[in-house]
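Structural features, examined
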Amino acid sequence: MSQTLTLSPFELALRLGDDALTLSHRLCEWCGHAPTLEVDLALSNIGLDLLGQAQFFLNYAGELEGAGRDADALAYHRDEYEFKNCLLAEQPNGDFARTIVRQLFFSTWQTLRFQELAQSSDKNFTAIAAKALKEVTYHANFAAEWVLRLGDGTKESKRRVVDGISWSWRYVDELFIGEDAALRPAWEAIVRAKLAQAGLEPPAPVRGITGGREGRHSEHLGHLLAEMQYLQRSHPNAQW
Amino acid sequence: MVTDSPTLSARILALLATVPDPEIPVISLTDLGIIRELRAGNPPELVITPTYSGCPASIAIQTSIRQALDSAGLTEVQIKTELSPAWTTDWISQAGREKLLAYGIAPPETAQDRLKFKDTAPAICPQCGSANTQEISRFGSTPCKALWRCLDCAEPFDRFKCI
């Protein structure tokens, strides 16, 4: 199924790149703080995959824009309102359970999104999507395994994962605005099945919070960017 | 300067067979299967592909290739990174698999084996050959590996993730 883009390819590349970039930054905040060394490695590795994806999407966005901006320029020299990532990706990590639920929701969405993108008529998009698909499938599996352990674990781990689900659920609607609406039934089926396996269920419907795709972000993105962009803003074009 | 491209291609492949992977120096860049083709033209382009999108070794790999080409007098050859078709562990050479095993890393199964076993296949312990093994961590010391342990000889080991 080849899709008709109502978004410009530039805008699409920016969205997908910003999603990967902001969540990559969040995951790397866990480095040195995760519950175990294995989880530390896992979250950093997922962050690294996402950073690579962000670089591909943002470089392509820069190419499409044709104004001489590359991935670094787009990552380090844009302000909050110019970022088009979903709100879910920029949310603070919270505890480990919140991070893992966010990952299950996001990686499942990315898997479906990239499956579709891999069929696109734009060969730059298909190349990035086909490559990233191998990575995000693995991320979704990792997150699902942890949701199972936490949900089917102790009273405390279950309490925390239930909190993680209700925290992240408010940001789910935004993943399916516009043409992404068609992905929702498949996403719900996968996520509900994973939650059910862990003895969990989605919360009662809530009013979703949206705005990230239009550049209206939560207060958290500004703090994230302050840290991420600090060096390039203070010393523009500094190199290793 | 060599203009005949099959000769040039063979020469570059032989050259890069001596360049080690920066993270797993026991195998060469050609063993790893990331050297895709030499595209004739002016200048000729050497097409390479990354293993993982965010693999931190990518830059080091490009630098090593550049150095190897330059020191062999092939300064005109340009390096081009392409994502498609996406790298798969099936491109790791047979020699590369044997070197990994000897080094203590369980090599990835081939596509055929994967069809047989799906995801459930246990890793084979590179120390004692036992299939009585267990995954410790889905992610390991580099993006391309997972961490396992052998329940017979009790050694932990890296396993190449199959993608």
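Residues numbered from 1 in each chain as written. Chains lettered and ligands numbered in written order. Predicted model: local features only at pLDDT ≥ 70, side-chain atom pairs only at ≥ 80, totals over all residues.

Structural notes on the interface of chain A and chain B
The partner chain B presents 16 residues to the 20 residues of chain A that form the contact. Of all elements in the fold, only α2 (37–65) and α6 (123–151) of chain A reach the threshold of two or more residues within the side of chain A that touches chain B. Looking at which element gives the most residues to the side of chain A that touches chain B, the answer is α2 of chain A, with eleven residues. Among the residues forming the side of chain A that touches chain B, the class breakdown is eleven nonpolar, four polar and five charged. (Contact = placed C-beta atoms within 7 Å. Helix = DSSP H or I, 4+ residues; strand = E, 2+ residues; numbered from the N terminus. Nonpolar A, V, L, I, M, F, W, Y, C, P; charged D, E, K, R; others polar.)

A look at the sheet that holds strand β3 (residues 78–81) of chain B
All names here are of chain B. Overall, mixed pairing links the three strands, which are arranged β1-β2-β3 in an open sheet. With partners counted over all chains shown, the strands left at the sheet margins are β1 (35–39) and β3, one partner each. Within this sheet the neighbouring strands show an average axis-to-axis angle of 25 degrees, counted without direction. Relative to strand β2 (residues 45–48), β1 runs antiparallel, the two sharing four bridges. Opposite Glu 37, over in β2, you have Val 47 as the bridge partner. (Pairing = 2+ DSSP bridges. Axes fitted to C-alpha atoms, helices over the stretch in contact; angles between N-to-C directions.)

Quick look at the domain arrangement of chain B
Residues and elements named next belong to chain B. Here chain B is described as being made up of domain 1 (5–87) and domain 2 (92–160). Relative to domain 2, the C-alpha centre of domain 1 lies at a distance of 26 Å. Taken together, the contacts link ten residues of domain 1 with ten residues of domain 2. Residues belonging to the side of domain 1 that touches domain 2 are distributed by class as follows: five nonpolar, three polar and two charged. (Domains from an automatic or database assignment.)

Concerning helix α7 (residues 155–169) of chain A
All names here are of chain A. Its 15 residues place the ends of α7 21 Å apart at the C-alpha level, agreeing with the 21 Å of an ideal helix rising 1.5 Å per residue. Within α7, burial applies to Arg 160, Val 161, Gly 164, Ile 165 and Ser 168. The buried residues of α7 all sit within an arc of 145 degrees when viewed along its axis, so they share a single face. Every exposed residue of α7 that faces more than 90 degrees away from the buried side is listed here: Lys 155, Glu 156 and Arg 159. Against the buried residues of α7 lie α4 (87–90), α5 (96–117) and α6. (Expected span 1.5 Å × (residues − 1). Buried ≥ 20, exposed ≤ 12 C-beta atoms within 10 Å, placed from the backbone. Arc of directions from axis to C-beta.)

Some remarks on unusual backbone geometry
Here Asn 42 of chain B and Pro 43 of chain B are connected by a cis peptide whose omega angle stands at 0 degrees. Mapped onto the elements, Pro 43 of chain B comes out in the loop between β1 and β2. With an omega dihedral of -5 degrees, the bond running from Ser 84 of chain B to Pro 85 of chain B counts as a cis peptide bond. Within the fold, Pro 85 of chain B resides in the loop between β3 and α4 (94–103). Positive phi is not limited to glycine here, since Asn 237 of chain A has a value of about 65 degrees. For Asn 237 of chain A, the location among the structural elements is in the segment after α9 (219–234). Backbone geometry at Ala 154 of chain B places phi at a positive 70 degrees, although glycine is not the residue there. Residue position: Ala 154 of chain B is located in the loop between β6 (145–150) and β7 (156–160).

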